[in-house]
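What the coordinates show
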Amino acid sequence: ASTRGKIILVYSPKGGSGSTTIAVNLAICLHNEETKVAIVDANFQFGDVAIFMNEHGKNTILDLAVQADEIDQELISEVMTINSTSGVHILASPPSPENAEKITAEQFSKVLRQLQQMYAYVIVDASAHLTDITLSIIDACDAIVLITIQDIPSIKNNRIFLDLLQTLSVPTQKVTFVMNRFDKRIPITPERVSTNIRQKISAVIPIDEQTVINAVNKGVPFMVDNKNSPAAKGVYSLAEVLKENLMAKDSEEQGKSQSGVR
C-alpha cells in the first residue's frame, strides 16, 4: 500500500477564492524528479487548469471517462498533458460545458484510483458546486486543502462545508485550512476565523495581486518563475504544512493497524 499516491482535493465552497491558482502552484511546489505530481481539473464545465499552465492539449478527462472500464496506466499516459515549464502532468477538463454531464462519479473515481498508482501526489481542483463528482473526491482523498478569503460569505460557506464533512463522517484531520489573499488591513484575521469556525487556519497566503494576475495572463505559474514572491512563499508554507499533516495521518493509521483497530 506504500506505493499509493496521495489524493489532495483543493476546494473552496465559494467561487473566486483562488483555488485554481493554489492547486496549480501547489502541484508545481510538490513536484520533482522523485516525486511525480499530476493535477486533475475536476471543474468539468469551466475548468482553467490547462490555461493557467499555458497548455492547450487535445486530450481531456473525457477521453478517459468514456473508457473507464478499460482504463490502464498506458491509456492515462497517452491522455495526460506534460506541462513544458514545470514537468507536472495535467488532466484537463472537457472542451465544452455540455460534455460535463457525460462523466459519472464512478468513472471519475476509477480514473483517480489509477492516477494514485502512478503519481506521488494527485492534486484535484474542483468547482465550488457540491456535485456527485466532488463528493466522490471527498470520499477518496487523503487531504482537503480548504480555502477561505477574508469575507463573511466565504467564512459562512466554509462553516457549512465543515458541518457537512462531519455529517459525512470525514475526520477534520483531513482538512488543511488556508486563508488566501490575506490582507492585514482587513480586520478579519486568521485567528478570528479559526475561533469562529473551530478549525485552525494552518497556512496563510498573503495578497499579491500583481504576481497572481501576471502569472495567469502569461500562463506561467508563479512557482515556476517568481519563487520569491509573497504568494509563492505562502504556497511553499502550505505545501510544508500539508506534508506534515499527511505524515501525521499516516503514522496514526499505522498505529491503529498495528494495535489491531481497523
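Everything below is about the structure printed above this text.
Conventions used here
Residues numbered from 1 in each chain as written. Predicted model: local features only at pLDDT ≥ 70, side-chain atom pairs only at ≥ 80, totals over all residues. Heavy atoms only, no water. Helix = DSSP H or I, 4+ residues; strand = E, 2+ residues; numbered from the N terminus. Rg over C-alpha atoms; globule rule 2.2 N^0.38 Å. Areas by Shrake-Rupley, 256 points an atom, 1.4 Å probe, with all protein chains shown as cover. Expected span 1.5 Å × (residues − 1). Buried < 20%, exposed > 50% of the residue type's maximum accessible area, 1.4 Å probe, protein only. Arc of directions from axis to C-beta. Polar contact = N/O pair within 3.5 Å; in protein donor to acceptor, adjacent residues only side chain to side chain. Salt bridge = Lys/Arg side-chain N within 4 Å of Asp/Glu carboxyl O. Axes fitted to C-alpha atoms, helices over the stretch in contact; angles between N-to-C directions. Parallel < 35°, antiparallel > 145°, perpendicular 65-115°, else oblique. Left-handed = near helix turned anticlockwise from the far one by under 90°. Contact = heavy atoms within 4.5 Å. Nonpolar A, V, L, I, M, F, W, Y, C, P; charged D, E, K, R; others polar. Pairing = 2+ DSSP bridges.

Turning our attention to the overall build of the chain. Secondary structure summary: the chain contains 11 helices and eight strands in total. By the compact-globule yardstick of 18 Å for 262 residues, the chain fits well, its C-alpha radius of gyration being 18 Å. Dimensions of the chain, computed from the C-alpha atoms along their principal axes, are close to 50 × 50 × 35 Å. As displayed, the chain has an accessible area near 12700 Å², and 50% of this comes from carbon and sulfur atoms.

The next subject is helix α7 (residues 152-167). Given 3.6 residues per turn, any residue in an α-helix points the same way as the ones three and four places further on. Counted at 1.5 Å a residue, the expected span for α7 with its 16 residues is 22 Å, and the 23 Å between its end C-alpha atoms agrees. Taken together, the buried positions of α7 are occupied by Ser154, Ile155, Asn157, Asn158, Phe161, Leu162 and Leu165. Buried positions in α7, seen along its axis, are confined to an arc of 160° and lie on one side of it. Exposed side of α7, more than 90 degrees from the buried face: Ile152, Gln166 and Thr167 are the residues found there. For α7, the N-terminal capping position is held by Asp151, with its side-chain oxygen 2.9 Å away from the main-chain nitrogen of Ser154. Just past α7, the residue Ser169 takes up positive phi, approximately 60°.

Another point: the pattern of salt bridges. Tallying each qualifying case throughout the model produces 12 salt bridges. Between Asp69 and Lys110 there is a salt bridge whose closest N-O contact spans 2.6 Å. On the criterion of sequence distance, the pair formed by Asp69 in the loop between α3 (61-65) and α4 (73-79) and Lys110 in helix α5 (residues 105-118) is long-range, its members being 41 residues apart. By relative accessible area, Asp69 is classed as exposed at 62%. Take Lys110: its relative accessible area is 23%, and that puts it in the partly exposed class. Between Lys249 and Asp142 there is a salt bridge; the shortest N-O distance is 3.9 Å. Placement of the pair is Lys249 in helix α11 (residues 230-258) and Asp142 in the loop between α6 (132-140) and β6 (143-148), with a sequence separation of 107 residues.

Right, let's get into the packing of α7 against helix α8 (residues 190-197). Relative to each other, α7 and α8 sit at 40°, their axes nearing to 10 Å. Taken together, α7 and α8 sit at an angle that is classed as oblique. By crossing handedness, the relation of α7 to α8 is classed as right-handed. Touching Ile155, Asn158, Arg159 and Leu162 of α7 are Val193, Asn196 and Ile197, all from α8. Its residues placed into classes, the contact of α7 with α8 shows four nonpolar, two polar and one charged.

Residue position: Ser194 is located in helix α8. Owing to a relative accessible area of 17%, Ser194 belongs among the buried residues under this scheme. What Ser194 contacts, discounting residues up to four positions off in sequence, is Gln199, Lys200 and Ile201.

Of all five residues in strand β5 (residues 121-125), five are buried; the element is thus mostly enclosed. Both faces of β5 are covered, namely the face carrying Tyr121, Ile123 and Asp125 and the face carrying Val122 and Val124. Two elements, strand β1 (residues 6-11) and β5, share five bridges in a ladder whose sense is parallel. Opposite Lys6, over in β5, you have Tyr121 as the bridge partner. Here strand β2 (residues 37-41) pairs with β5 via five bridges, running parallel. When the bridges of β5 are listed, Val37 appears paired with Tyr121.

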